[in-house]
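# Geometric and topological summary
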Amino acid sequence: IAPATGIASSVESQDVEFPSEITGVDRIKRAAKFWSAAVPIVASYYGKSGELFMRETFLGERLSDDAAQKEFDVLHYKGAEKLASTITSLKGFYVKTAQIIASRQDLFPEQYTTALSCFTDDVDPMSASLARAVVEKELLNNDETFED
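Criteria and cut-off values
- Numbering of residues starts from 1 in every chain and runs along the sequence as written.
- The model is predicted, so local features are restricted to residues of pLDDT at least 70 and side-chain atom pairs to those at 80 or more, both for listing and for counting; the totals for chains, interfaces and linings are taken over all residues.
- The side-chain values count all of the structure's non-hydrogen atoms but skip hydrogen atoms and water molecules.
- Under the scheme used here, helices are H or I runs from DSSP no shorter than 4 residues and strands are E runs no shorter than 2 residues, and both carry numbers assigned from the N terminus.
- Helix span, expected: 1.5 Å multiplied by one less than the number of residues in the helix.
- The contact criterion used throughout is that any non-hydrogen atoms of two residues lie within 4.5 Å.
- For helices, the axis comes from a line fit to the C-alpha atoms of the stretch in contact; other axes are also lines fit to C-alpha atoms, and the angle between any two N-to-C directions lies between 0 and 180 degrees.
- Throughout, the term roughly parallel applies to angles under 35 degrees, roughly antiparallel to angles over 145, roughly perpendicular to angles from 65 to 115, and oblique to all others.
- Lys, Arg, Asp and Glu make up the charged group, whereas Ala, Val, Leu, Ile, Met, Phe, Trp, Tyr, Cys and Pro make up the nonpolar group; the residues left over, Gly among them, are polar.
- Within 3.5 Å is the distance limit for a polar contact, defined as a pair of N or O atoms, with the added protein rule that one can donate a hydrogen and the other accept it, and that residues adjacent in sequence qualify only through two side-chain atoms.
- Stacked, tilted and edge-to-face are the three classes applied to pairs of Phe, Tyr and Trp rings, where Trp contributes its six-membered ring and a pair requires centres within 6.5 Å; stacked means planes under 30 degrees apart, edge-to-face means over 60, and tilted covers the rest.
- Burial classes follow relative accessibility: with a 1.4 Å probe on protein chains only, a residue under 20% of its type's maximum area counts as buried, one over 50% as exposed, and anything between as partly exposed.

## Examining helix 3 (residues 65-90)
- Look at helix 3: 36 Å from first C-alpha to last across 26 residues, which is about the 38 Å you get at 1.5 Å a residue.
- Buried positions along helix 3 lie against helix 2 (24-59), helix 4 (93-102), helix 5 (110-116) and helix 6 (118-121).
- Count one or two residues on from helix 3 and you reach K91, which has phi positive near 60°.

## What about the packing of helix 2 against helix 3?
- At a minimum axis separation of 10 Å, helix 2 and helix 3 run at an interaxial angle of 175°. Comparing their axes, helix 3 and helix 2 come out roughly antiparallel. Contacts between helix 2 and helix 3 pair R30, K33, F34, A37, I41, S44, Y45, K48, S49 and L52 from the former with A68, E71, F72, L75, H76, G79, K82, L83, T86, S89 and L90 from the latter.
- Tallied by class, residues from the contact of helix 2 with helix 3 come to 10 nonpolar, six polar and five charged.

## As for the side chain of Q99
- Along the chain, the position of Q99 falls in helix 4.
- Among the polar contacts made by the side chain of Q99, one reaches the main-chain carbonyl oxygen of F119 at a distance of 2.7 Å.
- Beyond its immediate stretch of four places on either side in the chain, Q99 contacts F119, T120 and V123.

## Side note on the packing of aromatic side chains
- This model, assessed by the stated rule, comprises four aromatic pairs.
- Pairing F34 with W35 gives two aromatic rings, centres 5.0 Å apart and planes at 80°, and the pair type is edge-to-face.
- Residue class for F34 comes out buried when judged on its relative accessible area of 15%.
- According to the relative accessible area criterion, W35 is exposed, its value standing at 52%.
- An aromatic cluster is defined as three or more aromatic residues linked by ring pairs; in this entry it consists of F34, W35, F93 and Y94.

## Regarding the environment of K82
- Relative to the assigned elements, K82 resides in helix 3.
- Residue classification places K82 among the partly exposed positions, given a relative accessible area of 43%.
- K82 sits 44 residues away from A38 along the chain, and the two C-alpha atoms are 8.4 Å apart.
- Each residue touching K82, except ones within four places of it in the same chain, is listed here: A37 and I41.

## With respect to the side chain of Q111
- Residue placement: Q111 occurs in helix 5.
- Q111 gets classed as buried once you look at its relative accessible area, which sits at 12%.
- Polar contacts involving the side chain of Q111 include one to the side chain of D73, which spans 3.1 Å.

Quick look at the structure:
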């Protein structure tokens, strides 16, 4: 980054088309779509925990740790598939979130990190000219430009 020398910034010299900004209504729709998928996934874990608790408390049936893990593995697979599908349709911020989840095998079940790993290497790239234009527009001061 160097101080401007009176030369037009590369954003002005290049005709870079920025994606249109989404409206507040569209943001709400996107959030609603995400949460309408995420809440049932979370609820399924609470439901399964409650079911196992009730079976143990009222029926005296206690699953072995391996059997209980198998029950939760089914939820992990279903939840990961649903989450990946939802994120694929939403793109943007949600893809970045999926990339973070996929990289944290220490925090998330393997089914989630595996299902979301496609977002780390199989995402449509952003053009270099658009990335540069975004940085210039959003991060540089008026007296700064990129030096090639």
